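A look at the structure
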Amino acid sequence: MPHIGLITLVVRDYDAAIAFYTGKVGFELVEDTDLGDGKRWVVVAPNGATDTRVLLAKAKGERQTCIIGDQTGGRVGFFLNTDDFSRDHARMTNAGVRFLEAPRHEPYVTVAVFEDLYGNKWDLLELKAMPPKNLVSH
C-alpha cells in the first residue's frame, strides 16, 4: 500500500533546523549524511515514527531561499499528532517552541498552532474518538 515516506522542508541551515526539531519539538535525528559540496541528506522524525519523516533540505538559490518559512502560503501545512496533548504542549513550550494560540478543545480534537524556527505553521493535535455516525444527532 502506498504511503508518504518523506516530506521536504526547505531550511536556511541544517544544524539550526536539526537543533530545533530534535531539541525543541522532540524529534529524533534519523540520518545526517554528507553528500559533498555543502549538501547533506538530513532526516528527522517524531520519536518512534517509522513511516513518515521530514527531509530538511538546505535552500539553494534565491527562489528556494524566498520560500523558507512560507512553504504553504501562510497556512498550517504540517500536522503533528500526539497521544497526550498536555504533556507535549508543556514540553514544547518549556523548550521554547512558539505557539500562536492557546490550546483549543473541540469535540473531536485538542489543537494549538505553533511555528517552526522559520515560521512554518504546524498543528499539534490530539485526536479524540468520534462517535459512530449513527449515534450523532442532528
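To keep things clear, this report deals only with the structure shown in the data block. Not measured: the values here are computed from a predicted model. (Residues numbered from 1 in each chain as written. Predicted model: local features only at pLDDT ≥ 70, side-chain atom pairs only at ≥ 80, totals over all residues. Heavy atoms only, no water.)

A few words now on helix α3 (residues 85–94). For α3, the set of buried residues is Phe85, Asp88, His89 and Met92. Down the axis of α3, the smallest arc covering the buried residues is 100°, so these residues share one side. Opposite the packed face of α3, turned more than 90 degrees from it, sit the exposed residues Ser86 and Asn94. Here the buried face of α3 lies against α1 (14–25), β6 (98–99), β8 (109–115) and β9 (121–127). (Buried < 20%, exposed > 50% of the residue type's maximum accessible area, 1.4 Å probe, protein only. Helix = DSSP H or I, 4+ residues; strand = E, 2+ residues; numbered from the N terminus. Arc of directions from axis to C-beta. Contact = heavy atoms within 4.5 Å.)

Right, let's talk about the sheet that holds strand β4 (residues 53–58) for a bit. With respect to topology, four strands assemble into an open sheet ordered β1-β4-β3-β2, the strand pairing being mixed. Of all the strands in the sheet, just β1 (6–11) and β2 (27–36) have a single pairing partner and so form its edges. Going across the sheet, the axis of each strand differs from the next one's by a mean of 25°, ignoring polarity. Pairing analysis gives six bridges linking β1 to β4, with the strands arranged parallel. Bridge pairing links Ile7 to Val54 in β4. Relative to strand β3 (residues 39–46), α1 is tilted by about 10°, and along the sheet it contacts β1, β2, β3 and β4. (Pairing = 2+ DSSP bridges. Axes fitted to C-alpha atoms, helices over the stretch in contact; angles between N-to-C directions.)

For Glu115, the position within the fold is in strand β8. Here Glu115 falls in the buried class, since its relative accessible area comes to 18%. Here the side chain of Glu115 touches Arg98 through a polar contact of 2.5 Å, side chain to side chain. In this structure, Glu115 is in contact with Phe20, Val97, Arg98, Leu100 and Asn120, ignoring residues within four places of it in sequence. (Polar contact = N/O pair within 3.5 Å; in protein donor to acceptor, adjacent residues only side chain to side chain.)

Bridge count between strand β5 (residues 76–81) and β9: five bridges; the pairing is parallel. In the strand pairing of β9, Val76 is matched with Lys121. When β8 meets β9, the two strands line up antiparallel, connected through seven bridges. Following the sheet pairing, Phe114 is matched in β9 by Trp122. Hairpin connection, β8 to β9: the antiparallel pair is bridged by five residues, and Gly119 has positive phi, about 105°.

Now for the pattern of salt bridges. Under the defined criterion, the tally for this structure stands at eight salt bridges. The shortest N-O distance in the salt bridge between Glu101 and Arg104 comes to 3.1 Å. Relative accessible area serves as the criterion here: at 26%, Glu101 is assigned to the partly exposed category. Each of the salt bridges in this network shares a partner with another, and the network as a whole consists of Asp83, Arg87, Asp88 and Arg91. (Salt bridge = Lys/Arg side-chain N within 4 Å of Asp/Glu carboxyl O.)

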